[in-house]
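Structural characterization, general
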Amino acid sequence: MVEAFPDETIAVHLGTGRYFSIDPIGAEMLDLLASGCAVEAVATHLTARYDADAAVVEDAVMDFAGRLLDEGLILPAPGSATGVVVPAPVRSSVTFSAPTLSVYSDMEDLLLLDPIHDVDETGWPVRAESADPDPAGPRHAA
Amino acid sequence: MNLRAGSRSTALRESHAVRFFGAASEVFDRARARVGMREHDLVLAGARIRLRFAGDALEPLLLPALVHLLTDGVEDEVALTVSLFDSASTGERMVAPAWGPDDYGPKGEIVGFNDDRIRTVFQPGVDILNGYDAARRAGLYWVASPRVVPWWESTFPLRTMLHWWAAPTTLQPVHAGAVGRGGHGVLVAGNSGAGKSTTTLACLEAGLDYAGDDYVLVDVESATVHSLYGTAKVEPENLGRFPALAPLVVNPDRLDAEKAVVLLDDHRAERLVRSLRLRAVVLPNVTGRRGSTLTAVSPAAAIRVLAPTTSSHLPGHGRAVVTKLSRLVRELPCYRLDAGTDLTHLAATVASLVEP
């Protein structure tokens, strides 16, 4: 899911619990890619919008799309074309720069599940006698 | 290459979830028939919440943090009923789990037993079963033995249950503290170690009103914070900075493995408030310098702190957490609080946000 704020967009992968901060150009790319636009069409659109070097923009879009794919924020669409039409570009006075995707994964350690050591006779997991009930370590769950 | 937004679907087995919740509830009914039941009503954000304890083993572990919310009025409809019991003291064995060892999700969510109506969580290693039936507004809390209840559960009991109950509303339990004055307050948000407790306790000891240091309930529509827990937690090595609290610690013999816990209803009841209208969100950052300063930050900076730390603790409804908290930070000014070592100045800096 995505929440847009002035000058920054926050994307959240609800499955992994990873949070991402994306700058405005990256948010624009994500929006176009997530709506089903082809990478090449997104690059053409942004080249015109920012009056930028086509090769630079295409490299940036390819790289950013790859990172979004790696993080599971987008998935490849089946087939070779979706028929999604890229909107006409509105010229921007901003200088194009490669987008940034910052990852906030501080919380991931809290999401690690304790391994199930054993179960009782009815099937409920039981804690190892010496196990700390707090996966983040004593005193730090709170 | 064409790309589209990712999505994940999970097959729902609602009938299994409902059946398990019903069977587990029947075990509670047998337990209360066997050992008796004690009921306590709380008022939270104007809603009546009823806790039904089978036997008396869990009550001293889970109720002390909530006593400031107790009510003896009977006029309101009960908005949530939570049934709590353990097997060791009641002699009633829980029904077998209706799932396998591979069905535990990252936060203990049982695959196939969480849907629009039923929530089921059992986190191995924590070993507390939390179940919730939204259709009946009923919760079920079970442990095999009171001995397995971790110390920190006593400082924020039922936060998972309250999270589920609040999901369809504008309320949200938030991993944050809250302090204030004159009915106005500040939400103090940060990861563990960021200075959240130091900030809220500095304010408490400086005479400010206190709604919590770790988990509070926020109504994002009215920007109001409601107290959930009347506890204060201090890292033992930090206890020397709060000399008036040190003699009040309830677990002085276990500080090698636990934070120092103070029950404020016993000692600071006059400063323990039920609700505050929020004026700001502050994000503490311990600096080591003497003085404290406030610097305005963007709502995105606030949501980067508030949402992950909250949703990482609370199973389910992750989208709602982010949406609600985003609404809150858009409404309120947000600040980074560079928290200094002078606690009087730290409290005064926070208090400046709620002065008339």
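Conventions used here
Per-chain numbering applies: the sequence of each chain, read as written, is numbered from 1 onward. Here every chain gets a letter starting at A, and every ligand a number starting at 1, in the order they are written. Only residues with pLDDT of at least 70 are given local features in this predicted model, and only at 80 or more are side-chain atom pairs given and counted; all residues enter the totals for whole chains, interfaces and linings. Runs of E in the DSSP output that reach at least two residues are strands. Runs of H or I that reach at least four are helices, and both are numbered from the N terminus. Any residue surrounded by 20 or more other C-beta atoms within 10 Å of its C-beta is treated as buried, while 12 or fewer makes it exposed and the intermediate range makes it partly exposed; C-beta atoms here are placed from the backbone. Here contacts are defined at the residue level, using C-beta atoms placed from the backbone and a cut-off of 7 Å between them. Helix axes are fitted only over the stretch in contact, all axes being lines through C-alpha atoms; the angle between N-to-C directions runs from 0 to 180 degrees. By definition in this entry, angles of less than 35 degrees are roughly parallel, angles greater than 145 are roughly antiparallel, angles of 65 to 115 are roughly perpendicular, and the rest are oblique. Any residue that is not Ala, Val, Leu, Ile, Met, Phe, Trp, Tyr, Cys, Pro, Asp, Glu, Lys or Arg is counted as polar, Gly included; the first ten are nonpolar and the last four charged. Think of a nonpolar core as buried Ala, Val, Leu, Ile, Met, Phe, Trp, Tyr and Cys residues chained together by C-beta atoms that fall within 7 Å. These domain limits were set by an automatic method or by a database of domain assignments. Strands are labelled as partners when DSSP assigns at least two bridges between them. Arc, as used here, means the arc of the directions from the helix axis to the C-beta atoms.

What follows deals with the overall build of chain A. When its secondary structure is counted, chain A shows three helices and seven strands. The order of α-helices and β-strands along chain A, N terminus first, is β-β-β-α-α-α-β-β-β-β. Scored against the burial criterion, the 142 residues of chain A give a buried share of 30%. Taking the intrachain contacts of chain A between residues at least 6 apart in sequence as the baseline, contacts between residues at least 24 apart amount to 61%.

Turning our attention to the packing of helix 1 (residues 24-34) of chain A against helix 3 (residues 54-70) of chain A. Packed helix pairs are specified by the crossing angle of their axes together with the interaxial distance, meaning the distance between the axes. All names here are of chain A. Helix 3 packs onto helix 1 with a crossing angle of 70° between their chain directions and a minimal axis gap of 11 Å. One finds that helix 1 runs roughly perpendicular with respect to helix 3. The segment helix 1 lies against helix 3, with Gly26, Met29, Leu30 and Leu33 engaging Val61, Phe64, Ala65 and Leu68. Of the residues in the contact of helix 1 with helix 3, the class split is seven nonpolar, one polar and no charged.

Residue and element names in this part refer to chain B. Packing of helix 5 (residues 196-205) against helix 9 (residues 343-351) leaves a shortest axis separation of 8 Å and a crossing angle of 90°. If you check the angle between helix 5 and helix 9, you find them roughly perpendicular. Residues Thr199, Ala202 and Cys203 of helix 5 touch helix 9, and the partners they reach there are Leu343, Leu346, Ala347 and Val350. When grouped by side-chain class, the residues that make up the contact of helix 5 with helix 9 number six nonpolar, one polar and no charged.

On to the nonpolar core, then. Residue and element names in this part refer to chain B. Ranked by internal contacts, the top residues of the largest apolar core, which has 138 residues, are Ala178, Val179, Val186, Leu187, Val216 and Leu306. Each of two domains, domain 1 (14-166) and domain 2 (171-351), supplies a minimum of three residues to this core. Apart from the residues within four sequence positions on either side, Val186 is in contact with Ala178, Val179, Gly180, Arg279, Ala280, Val282, Val350, Leu353 and Val354.

Look at Asp51 of chain A: it is not a glycine, yet its phi comes out positive at around 50°. With respect to the helices and strands, the residue Asp51 of chain A is situated in the loop between helix 2 (39-50) and helix 3. Although it is not a glycine, Asp127 of chain B sits at a positive phi angle of roughly 65°. Mapping Asp127 of chain B onto the fold places it in the loop between strand 6 (118-122) and strand 7 (128-133).

Turning our eyes to something else, we now look at the domain arrangement of chain B. Residue and element names in this part refer to chain B. The assigned domain composition of chain B is domain 1 (14-166) and domain 2 (171-351). Computed over C-alpha atoms only, the centres of domain 1 and domain 2 are separated by 26 Å. In this assembly, 22 residues from domain 1 lie in contact with 23 residues from domain 2. Among the elements of the structure, strand 6 and helix 4 (159-166) are those that each provide at least two residues to the side of domain 1 that touches domain 2. Per-element tally for the side of domain 1 that touches domain 2: the top contributor is helix 4, with six residues. The residue makeup of the side of domain 1 that touches domain 2, split by class, is twelve nonpolar, six polar and four charged.

Moving on, we come to the environment of Lys233 of chain B. Residue and element names in this part refer to chain B. Looking at where Lys233 falls in the secondary structure, it is placed in strand 14 (residues 231-234). The exposure class of Lys233 is buried, given the 25 C-beta atoms found within 10 Å. Spatially, the C-alpha atoms of Lys233 and Ser197 are 6.9 Å apart, while their sequence positions differ by 36 residues.

Moving on, we get to the sheet that holds strand 8 (residues 138-143) of chain B. Backbone hydrogen bonds are what pair the strands of a sheet, in a parallel or an antiparallel way. Residues and elements named next belong to chain B. The seven strands lie next to each other as 4-2-3-5-8-7-6, forming an open sheet whose pairing is mixed. The open sheet is flanked by strand 4 (70-71) and strand 6, the only strands paired with a single partner. Inspection of the sheet shows strand 2 (residues 37-44) paired to strand 4 by two bridges, in the antiparallel sense. Opposite Asp41, over in strand 4, you have Thr71 as the bridge partner. Set on the sheet, helix 4 makes contact with strand 5 (78-86), strand 6, strand 7 and strand 8; between it and strand 7 the angle comes to about 15°.

On to the sheet that holds strand 2 (residues 8-13) of chain A. Residue and element names in this part refer to chain A. Taken in spatial order, the four strands line up as 1-2-3-5 in an open sheet, and their pairing is antiparallel. Each edge of the open sheet carries a strand with a single partner, namely strand 1 (2-5) and strand 5 (101-104). Pairwise comparison of adjacent strand axes, ignoring direction, gives a mean angle of 20° for this sheet. Judged from the four bridges that link them, strand 1 and strand 2 form a sheet pairing that is antiparallel. The residue bridging Val2 from the neighbouring strand is Ala11, located in strand 2.

All names here are of chain B. Of all eight residues that make up helix 4, seven are buried, and the element is covered over most of its length. Every buried residue of helix 4 is accounted for by Thr160, Met161, Leu162, His163, Trp164, Trp165 and Ala166. The inward-facing, buried residues of helix 4 contact strand 5, strand 6, strand 7, strand 8, strand 9 (171-181) and strand 12 (215-219).

Here we take up helix 9 of chain B. Residues and elements named next belong to chain B. Taken as a whole, helix 9 has its buried residues at Leu346, Ala347, Thr349 and Val350. Projected down its long axis, helix 9 shows its buried positions confined to an angular sector of 160°, all on one face. Check the buried side of helix 9 and you find it contacts strand 9, strand 10 (184-189), helix 5, strand 16 (275-286), strand 17 (293-297) and strand 18 (334-339).

A few words now on the pairing of strand 6 of chain B. Residues and elements named next belong to chain B. The buried fraction of strand 6 amounts to five of the five residues, a majority that puts the element mostly inside the structure. The two faces of strand 6 match: Ile118, Thr120 and Phe122 on one face and Arg119 and Val121 on the other face are all buried. Strand direction decides the pairing type here: strand 6 and strand 7, joined by five bridges, are antiparallel. By the bridge assignment, Val121 is partnered in strand 7 with Asn130.

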